[in-house]
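Spelled out from the first residue to the last, the chains are:
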Amino acid sequence: MLDPVLLRSFVAVDREGGFTAAAAVLGLSQSTVSGHVARLERSVGRELLRRDTRNLELTADGAAMLGFARTILDASQQAEVYFAESEMSGVLRFGASDDLVAAQLPEVLLEFRRSHPRIDLELTVGLSETLGARVAAGELDLAFGMRRPGERHGELVWRDRLVWAGSPAGDPVEESGPVPLVTYPPPSITRRAAMETLERAGRVWRTTCVTDSLLGLRAAVLAGLGVIVHAESLLPDGLVPLPVSALPDPGDADFVLMRRPRPASGPEAALTALIVANERRLRRT
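Reading the values: the criteria
Residues numbered from 1 in each chain as written. Predicted model: local features only at pLDDT ≥ 70, side-chain atom pairs only at ≥ 80, totals over all residues. Heavy atoms only, no water. Helix = DSSP H or I, 4+ residues; strand = E, 2+ residues; numbered from the N terminus. Rg over C-alpha atoms; globule rule 2.2 N^0.38 Å. Buried < 20%, exposed > 50% of the residue type's maximum accessible area, 1.4 Å probe, protein only. Areas by Shrake-Rupley, 256 points an atom, 1.4 Å probe, with all protein chains shown as cover. Lys, Arg positive; Asp, Glu negative; His and termini not counted. Charge placed at Lys NZ, Arg CZ, Asp CG, Glu CD. Phe/Tyr/Trp six-rings, centres within 6.5 Å; stacked < 30°, edge-to-face > 60°. Salt bridge = Lys/Arg side-chain N within 4 Å of Asp/Glu carboxyl O. Contact = heavy atoms within 4.5 Å. Arc of directions from axis to C-beta. Axes fitted to C-alpha atoms, helices over the stretch in contact; angles between N-to-C directions. Parallel < 35°, antiparallel > 145°, perpendicular 65-115°, else oblique. Left-handed = near helix turned anticlockwise from the far one by under 90°. Nonpolar A, V, L, I, M, F, W, Y, C, P; charged D, E, K, R; others polar. Pairing = 2+ DSSP bridges.

**Q** Pulling in residues and values, what's your account of the overall build of the protein?
**A** When its secondary structure is counted, the protein shows 11 helices and 11 strands. The C-alpha radius of gyration of the protein comes to 21 Å, within 12% of the 19 Å expected for a compact globule of 285 residues. By principal-axis analysis of the C-alpha atoms, the protein measures approximately 60 × 50 × 30 Å. Expressed as a percentage of its 285 residues, the buried residues of the protein come to 43%. Just so you have it, the protein exposes about 14300 Å², and 51% of that area is on carbon and sulfur atoms. A distance of 2 Å separates the average location of the 32 positive side-chain charges in the protein from that of its 37 negative side-chain charges.

Set out below in structure tokens:
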């Protein structure tokens, strides 16, 4: 049997990018975390992490173990939550990005409230980077939003493809003219992705609409004002992806759960487990 304590340290080392950072998050010493990973490697008889003085990377066996470890830890957390839920109470300050609350997340939150009636859920909707800053400041307990690949904050729930999208009846984007952009305001991740992608490709753009709501984005695009960059699986109703040749590829984005580096409370753990268990349902496509 694989010891969840060892698995938790192994996952933290990968997520945080090193033993020292993982130890700080877990509240352990660096030597303890290193010892946990070494014991895990001995128990399976395989090298899981390749180390040198500068870099730390997963081996092929380590990548496989990471998937198993997350599954085991998620199942363990769900079991703990299930058997403790009858006594769980308190306040949970939860943040979610606009595109998530416009999809299936409200149904998952309703199930959470029905399963945990003694937990007072306070919902804040906003831009992902703003939510992350509020978590770091202690103003939110847990947030569900987006990060760009390569960023390491948050627990990955799924990776999504970013696409350019427009109205089915809209005008095609001209190859030589400026690209009309409909965006969230800064510090929007999709806004930054769109502008950086166009800049790298040497394309000119003009901003035709800035709005802080998904409803406003959708309305502007359907009105033919311009195009957006958006997560493919959460694309608003009525909008269609542009042909891949129309504009340069804006890349991917990760949807992650963000919380402060401390042990999760019962309500945080319960909602985290429910969201992870419903990952496929939370994606529209």
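So much for the structure itself; the text now carries on.
**Q** Account for the packing of aromatic side chains, naming residues and giving values.
**A** Here the structure, examined in full by the defined rule, presents 2 aromatic pairs. When the ring of Phe 144 is compared with that of Trp 158, the centres are 6.1 Å apart and the planes differ by 90°; the resulting orientation is edge-to-face. With a gap of 14 residues between them, Phe 144 in strand β5 (residues 142–147) and Trp 158 in strand β6 (residues 155–166) connect regions that are remote in the sequence. Of the residues examined, Trp 158 reaches a relative accessible area of 2% and is grouped as buried. One aromatic cluster in this structure is built from Phe 144, Trp 158 and Phe 255.

**Q** Quick rundown of the pattern of salt bridges? Include the residues and the values.
**A** A complete count under the given rule lists 18 salt bridges for this structure. Here Arg 281 ties to Glu 111 by a salt bridge, and the two come within 2.8 Å at their closest N and O atoms. Within this pair, whereas Arg 281 is found in helix α11 (residues 279–282), its partner Glu 111 is found in helix α6 (residues 105–115), the two being separated by 170 residues in sequence. Since its relative accessible area comes to 31%, Glu 111 is described here as partly exposed. In this structure, Arg 259 and Glu 155 form a salt bridge, with 3.3 Å as the shortest nitrogen-oxygen distance. Of this pair, Arg 259 sits in the loop between β11 (252–258) and α10 (266–277) while Glu 155 sits in strand β6, and the two are 104 residues apart along the sequence. What makes Arg 259 partly exposed here is its relative accessible area of 27%. On the basis of relative accessibility, which here comes to 21%, the residue Glu 155 falls in the partly exposed class.

**Q** How would you summarise the environment of Gln 78 if you had to cite specific residues and measurements?
**A** With respect to the element layout, Gln 78 can be found in helix α4 (residues 60–84). Exposure remark for Gln 78: the relative accessible area of 34% places this residue in the partly exposed category. Separated by 55 residues in the primary sequence, Gln 78 and Ala 133 have C-alpha atoms spaced 27 Å apart. Here Gln 78 is in contact with Ala 273 and Ala 277, once residues within four sequence places are set aside.

**Q** How would you summarise helix α9 (residues 214–222) if you had to cite specific residues and measurements?
**A** All of the buried residues in α9 are Leu 214, Gly 216, Leu 217, Ala 220 and Val 221. Summarising the axial view, the buried residues of α9 lie within an arc of 160°, below the 170-degree limit, and thus occupy one face. The elements touched by buried residues of α9 are α5 (98–101), β6, β7 (179–183), β8 (205–210) and β9 (228–231). Note on α9: the residue one or two positions beyond its end, Gly 224, has a positive phi of about 80°.

**Q** Describe in detail the packing of α6 against α10, supporting the description with residues and values.
**A** Running from N to C, α6 and α10 point in directions that differ by 135°, and their axes come no closer than 10 Å. Comparing the axis directions of α6 and α10 gives the class oblique. The two elements α6 and α10 meet at a crossing, and its hand is right-handed. Contacts between α6 and α10 involve Val 108, Leu 109 and Phe 112 from the former and Pro 267, Ala 270, Leu 271 and Leu 274 from the latter. Per-class residue counts for the contact of α6 with α10 are 7 nonpolar, no polar and no charged.

**Q** Give me the lowdown on unusual backbone geometry, citing residues and values where you can.
**A** Looking along the chain, the bond that leaves Pro 186 and enters Pro 187 is cis, with omega of 5°. Its location among the elements puts Pro 187 in the loop between β7 and α8 (189–200).

**Q** Account for the pairing of β6, with residues named and values stated.
**A** Pairing of β6 with β11 involves 6 bridges; the strand directions are antiparallel. Within β11, the position partnered with Asp 160 by the bridge is Ala 253. In this structure, β6 lies alongside β9, joined through 4 bridges in antiparallel fashion. Paired with Val 163 across the bridge in β9 is His 230. Of the strand pairs in this sheet, β6 and strand β10 (residues 240–241) are connected by 2 bridges, and their pairing is antiparallel. The partner of Gly 166 across the bridge, within β10, is Val 240.

Function cannot be read off these values alone, since they describe shape.
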